[in-house]
Amino acid sequence: MSETPKISADDVAHLASLARIDIPADRLGYYAEQLEVILGAVAKVSEVAGDDVPATSHPQPLTNVFREDIVQPSLTAQQALSGAPSVEDERFRVPRILDEEQ
Amino acid sequence: MSTTIKPELMDYDEVIERFDPVMGLEVHVELNTNSKMFCGCATGFGAPANTQVCPVCLGLPGALPVVNKKAIEGAIRIGLALNCEIAQWCRFARKNYFYPDMPKNFQTSQYDEPIAFNGYLDVPIETDEGIQIFRVDIERAHMEEDTGKTSHQGGATGRIHGADYSIVDYNRAGIPLIEVVTKPITGAGKYAPAVARAYVNMLRDLLRALGVSDVRMDQGSLRCDANVSLRPSADAPLGTRTETKNVNSLRSIEKAIRFEMQRQAVVLAAGGTITQETRHWHEDTNLTTSGRSKSDAEDYRYFPEPDLVPIAPARQWVEELRATLPEPPTVRRARLQEAWGVNDTEMDSIINAGALDLVVATIAAGADDASARKWWLGELSRTANDQGVELSDLAISPADIVAVETLIAAGTINDKLAREVIAGVLAGEGSPDQVVAARGLGIVSDDSSLLAAIEEAIAAAPDIAEKIRSGKVQAAGAIVGAVMKSTRGQADAAKVRSLLFAHLGVDESA
Amino acid sequence: MADLIHKTAAELAAVVASGEASAVEVAQAHLNRIGAVDGAVHAFLHVDTDGALAAAAAVDAKRAAGDKLGPLAGVPLGLKDVMCMKDIPTTCGSKILEGWRPPYDATVTARLKAAGIVILGKTNMDEFAMGSSTEHSAYGPTHNPWDLERIPGGSGGGSSACLAAFEAPLSIGTDTGGSIRQPAAVTATVGVKPTYGAVSRYGLIALASSLDQAGPCARTVLDAAMLHQVIAGYDPHDSTSLTDPVADMVSAAGTRDLTGMKIGVVKELGGEGYQSGVRQRFTEALEILSGLGAEIIEVSCPHFDYALAAYYLILPSECSSNLAKFDGMRYGVRAGDDGESSVEQVMARTRAAGFGEEVTRRIILGTYALSAGYYDAYYGSAQKIRTLIQRDFDDAFARVDVLVSPTAPTTAFKLGEKLDDPLAMYLNDIATIPANLAGTPGMSLPIGLAPEDNLPVGIQIMAPARKDERMYAVGGALEAALLARWGAPILTQARAL
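Note that the structure is predicted; figures quoted are calculated from it, not measured.

Asks: Help me understand the overall build of chain A, please; the structure alone is not making it clear to me.
Replies: Check the secondary structure of chain A and you find four helices and three strands. The helix and strand sequence of chain A, counted from the amino end, reads α-α-α-β-α-β-β. For chain A, the C-alpha radius of gyration of 22 Å lies well beyond 13 Å, the compact-globule estimate for 102 residues. Projected onto its principal axes, the C-alpha coordinates of chain A cover approximately 55 × 45 × 25 Å. Residues classed as buried in chain A amount to 35% of the 102 residues present. By sequence separation, contacts in chain A at least 24 residues apart represent 44% of the contacts at least 6 residues apart.

Asks: So what exactly am I meant to see when it comes to the interface of chain A and chain C here?
Replies: You'll often see interface size given as the accessible area lost when the parts meet. Taken together, the 45 residues of chain A in the interface contact 58 residues of chain C. Among the elements of the structure, helix H1 (9-18), helix H2 (25-42), helix H3 (45-48) and strand S3 (91-95) of chain A are those that each provide at least two residues to the side of chain A that touches chain C. Ranked by the residues each element gives to the side of chain A that touches chain C, the list is headed by H2(A), at seven residues. Class assignment of the residues belonging to the side of chain A that touches chain C gives a composition of 31 nonpolar, nine polar and five charged.

Asks: Sorry, what's going on with the nonpolar core here?
Replies: Among soluble globular proteins, nonpolar side chains are generally buried collectively. All names here are of chain C. Residues Leu-77, Val-118, Ala-310 and Leu-313 are the most contacted members of the largest nonpolar core, which totals 293 residues. It is helix H10 (residues 307-322) that provides the largest number of residues to this core, a total of 10 residues. Beyond its immediate sequence surroundings of up to four residues, Leu-77 is in contact with Leu-112, Ile-117, Val-118, Ile-119, Leu-120, Ala-168, Leu-170, Ser-171 and Ile-172.

Asks: How do you make sense of the interface of chain B and chain A when you look at a structure like this?
Replies: Of the residues lining the interface, 43 residues belong to chain B; the matching set on chain A comes to 35 residues. When contributions to the side of chain B that touches chain A are tallied by element, the ones reaching two or more residues are strand S2 (67-68), helix H2 (69-81), strand S9 (165-169) and strand S14 (287-293) of chain B. In terms of residue class, the side of chain B that touches chain A is built from 25 nonpolar, 12 polar and six charged. For S3(A) and S9(B), the ladder comprises four bridges, and the chain directions are antiparallel.

Asks: Looking at this model, I keep getting lost on the packing of H10(C) against helix H13 (residues 376-397) of chain C. Mind explaining?
Replies: How two helices pack is summed up by the angle between their axes together with the distance between the axes. Residue and element names in this part refer to chain C. Two elements in contact, H10 and H13, have axes separated by 9 Å at closest approach and are oriented at 130°. The pairing of H10 with H13 is recorded here as oblique in orientation. Regarding H10 and H13, the two cross each other, and that crossing is left-handed. On the side of H10, the interface is formed by Ala-307, Ala-310, Leu-313, Ile-314 and Ser-317, while H13 contributes Tyr-378, Tyr-379, Ala-382, Gln-383, Ile-385, Arg-386 and Ile-389. A per-class count over the contact of H10 with H13 returns nine nonpolar, two polar and one charged.

Asks: Explanation requested: the pairing of strand S2 (residues 76-80) of chain C in the structure shown.
Replies: It is a general feature of regular strands that their side chains alternate between the two faces of the sheet. All names here are of chain C. Among the five residues of S2, five are classified as buried, and the element is accordingly described as predominantly covered. For S2 and strand S3 (residues 118-123), the ladder comprises five bridges, and the chain directions are parallel. Along S3, the bridge assignment pairs Leu-79 with Lys-122. Pairing analysis gives three bridges linking S2 to strand S4 (residues 170-174), with the strands arranged parallel. Paired with Leu-77 across the bridge in S4 is Leu-170.

Asks: Honestly, the domain arrangement of chain B in this entry has me stumped. Any pointers?
Replies: What the domain assignment lists for chain B is domain 1 (12-321), domain 2 (329-439) and domain 3 (447-504). The distance between the C-alpha centroids of domain 1 of chain B and domain 3 of chain B comes to 70 Å.

Asks: Got a minute to help me understand the environment of Val48(A) in this structure?
Replies: Its location among the elements puts Val48(A) in helix H3. Residues Val48(A) and Ser17(A), spaced 31 residues apart in sequence, show a C-alpha to C-alpha distance of 32 Å. Residues within four places of Val48(A) in sequence aside, it is in contact with Tyr306(C), Ile385(C) and Leu388(C).

Asks: Any chance you could explain unusual backbone geometry here in plain terms?
Replies: Peptide bonds are mostly trans, and most non-glycine residues show a negative phi. In the segment running from Gly154(C) into Ser155(C), the intervening peptide bond is cis, with an omega of 5°. Summarising the element assignment, Ser155(C) is placed in the loop between S3 and helix H5 (157-164). In the Ramachandran plot, Asn83(B) falls in the positive-phi region, its phi being about 60° despite a non-glycine side chain. Position of Asn83(B) among the secondary structure elements: in the loop between H2 and strand S3 (85-86). The exposure class assigned to Asn83(B) is partly exposed, which follows from the 16 C-beta atoms found within 10 Å. The phi dihedral of Phe166(C) falls on the positive side, at around 60°, and the residue is not glycine. Relative to the helices and strands, Phe166(C) is located in the loop between H5 and S4. The exposure class assigned to Phe166(C) is buried, which follows from the 24 C-beta atoms found within 10 Å.

Quick notes on the rules
Residues numbered from 1 in each chain as written. Chains lettered and ligands numbered in written order. Predicted model: local features only at pLDDT ≥ 70, side-chain atom pairs only at ≥ 80, totals over all residues. Helix = DSSP H or I, 4+ residues; strand = E, 2+ residues; numbered from the N terminus. Rg over C-alpha atoms; globule rule 2.2 N^0.38 Å. Buried ≥ 20, exposed ≤ 12 C-beta atoms within 10 Å, placed from the backbone. Contact = placed C-beta atoms within 7 Å. Nonpolar A, V, L, I, M, F, W, Y, C, P; charged D, E, K, R; others polar. Core = buried A, V, L, I, M, F, W, Y, C linked by C-beta atoms within 7 Å. Pairing = 2+ DSSP bridges. Axes fitted to C-alpha atoms, helices over the stretch in contact; angles between N-to-C directions. Parallel < 35°, antiparallel > 145°, perpendicular 65-115°, else oblique. Left-handed = near helix turned anticlockwise from the far one by under 90°. Domains from an automatic or database assignment.

Pasting the structure below:
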């Protein structure tokens, strides 16, 4: 991928939908432009490393970090709900859901 | 979203004639660990809402996960029991999507590096040619966390459609889940629904034997999603599949798959295409309905979970866990069948009656296998059926059976009396010994009492005594019968007979 | 006692321990200072007057009871608002968390409290730690005490400015791409990013999980070392936490002789694109280090040229996922819930109302980089660059003990100067980013003022992973030598506020 990818307003709209952020229609082009510029600057990452170079997902070589299956104190419901914008019946009240569960 | 209109279904035999079904089964197992997958919150069922949550499982800003070692053990043991390879090195991954029951709006799961993969489960199913073993190939078993529970308010049905809002309880968020995914199940043909049911049944037994989960489909600790597709023939490419959720029992699995096969067949036969979608099974109306279409498929943007470090189970640890596995059910069945010298049909009856574990326990408690089988498959199965309960629900234990057998062996009671004793135990009157004493069921062993009864019987039928003396020993039966009757069966018939002959001065063996 | 606010943390600790001044006096002096100057500086988003005085009083009570005090007991501190502090507003510089009070303390916060350190309040930052100037704070920028029309660096501008303004002798910052080091450089203070995993991230609101690290900020290397000692160490709540025992940073900071020390100058950092005054002071610092006995060697880390690109793919990707939890359902603000709209709509409105432009930009970029079809080219490739950068560091550290470079390419620029050009803003991190990608530690300390603008310049010292004490050794020696040369701490040259 050596040429700068083109990002359209529609692309931004799709990404915004995936990311659940309402971007007004008149701002989509603005973000699209900036994304293009940034991607142009960072696209060179795909040229550098060969297939033989492994990816690093964790800076330190730790493995097998576990904890014992022992119960620890939880928050109280009051603490858990303390920041909630809307509460009903000791539960978090949320607006109506359209999507079925995954 | 109407659920009342039943779609057209093709006759099942015709479906099989014209199409080859392929299935994929995804089973989610809730592990019965004390604490959650990534935090120390308790996992017990039924706690008041949002009292078993902490910054980690509530997804509060700044919180970090730490893996529950017992959950890893459970995952590895399940993988081993399913004949899987255990990964040398694997990671967790984030599955990113937004949903109110997921506090972080991503699920910590595993993507392309499951902890267990490439396994199989051999499932016996009943076919026209008798019992055949069907091998279900397992793609993978991986670890993930459960979501919170949403309760939809304001609608008529309590389901999402038509609800005004929802309320969420995060007590279940973070409970450890193992997802077991099969490879495409091909070649089952008309037995596809039965294979699916038998697979889940067997998987459930396996998990129960491992002790890793309550595996209650009715409580959600075992959940099954069924994928079904049809193709014109076994060498055609795979068709478009649908995924059916909300199959909460073994029966539902079988019925839902059968239904989907019949429904899809009609669509395909008419030249239509199957929409790739998630469907919902309705137990009350026996049909699936369409959920949201998956054509706008979510892009989960998987990437390795940076807050958790890789899992690299040492091979020695894996072998130690392998040693904790119980005997696989098929191996156990074969071993016991051989030890008891019974045929397939009888073994099937034992298993279908739910008697296998009880028989084994009774033998372990001291009975011989034939007696154990006799009681559990005979008298007790009859009683259980009459009462409409499971064998294991009866108020009698393997130890009780052994006690009954001991009483028989000691001559205190006989088979007929034993049934009365068992009835007494089932009625809650106490242990077999207590029932014998309370009801006075002991066999009369005192010779003089027996002789008195014998003399009484002879006196009542003098001509029979004469017949016996003259050599017709078969006639003794009537006297013995009379004595048994007068003693209410509490006599040892053989002993009565001996005493009778001795009394009459006749040689028994004549 | 006069002039408490100009003392170092070590000096204040001694003052409190000896009884020369009470911890309450010390706290009050700093609270007064905040009251006097923070209107202009705006280093603090929240000042916890009651809590600070109570904590100070507790230290005094402990001392009165004859109990042993920790080495920093009674010393005031500013806590970057990205760190959870129980029941105290924690906003991450964002509107989306306005008013939120965490029900728990971050591990770092808990350790500060346990040490008897007096937390004065929460310091300002670029929203969700994304930025190099603190101009992206939703609550207004912080001003550099050296020149109030200039940026104090970012994302931890509040943490560096409060030190330079003498509002506190200690602060905690967090560093994902330079957010501790670069502000330190432009304010003439000391800032340390420890080895990744050395300091617990539990309660540190995540930006990029594989890059974030909390660290000590102070006006002297010794103070930073003392604070490092308090906050570092294994935490079972953090799976990425190192189990290594914490080395003696305080002793290391007492080093004065660098004979035998090999210091590598990274060829790729500090050349073209770096302000001339920055390069000049850096060269002078190298001469001083040489005079202390160190051997100066040029090394090449060729993949550092790709560090910025890799960073601006990895960070947005991880943050797009980390910030997904801010949806208005469980805490923080909720916008657009009219009782009719769907949860999907309310989430999208909340996030649009709550997130600023830079955050939105990076989330969109990250969502793109992780998308199906783009993963290998972007995120996947960037993670490979990390491997190459780690190898560059390994090769370099096989030849030298520490690496040095200028911390930032320029001195403090003016507020508003780089706001319209995101890429130009990103370039501020060019020297600091490699250490975050590799997980290695880095320190910035002041080496003078650039002649052309009389604004602070910092040197960056980098050590191998888990060898943080080497930074303190080199930094301590260099600082002492500079102090001897200047005759007084450099901050005395800052304008009076």
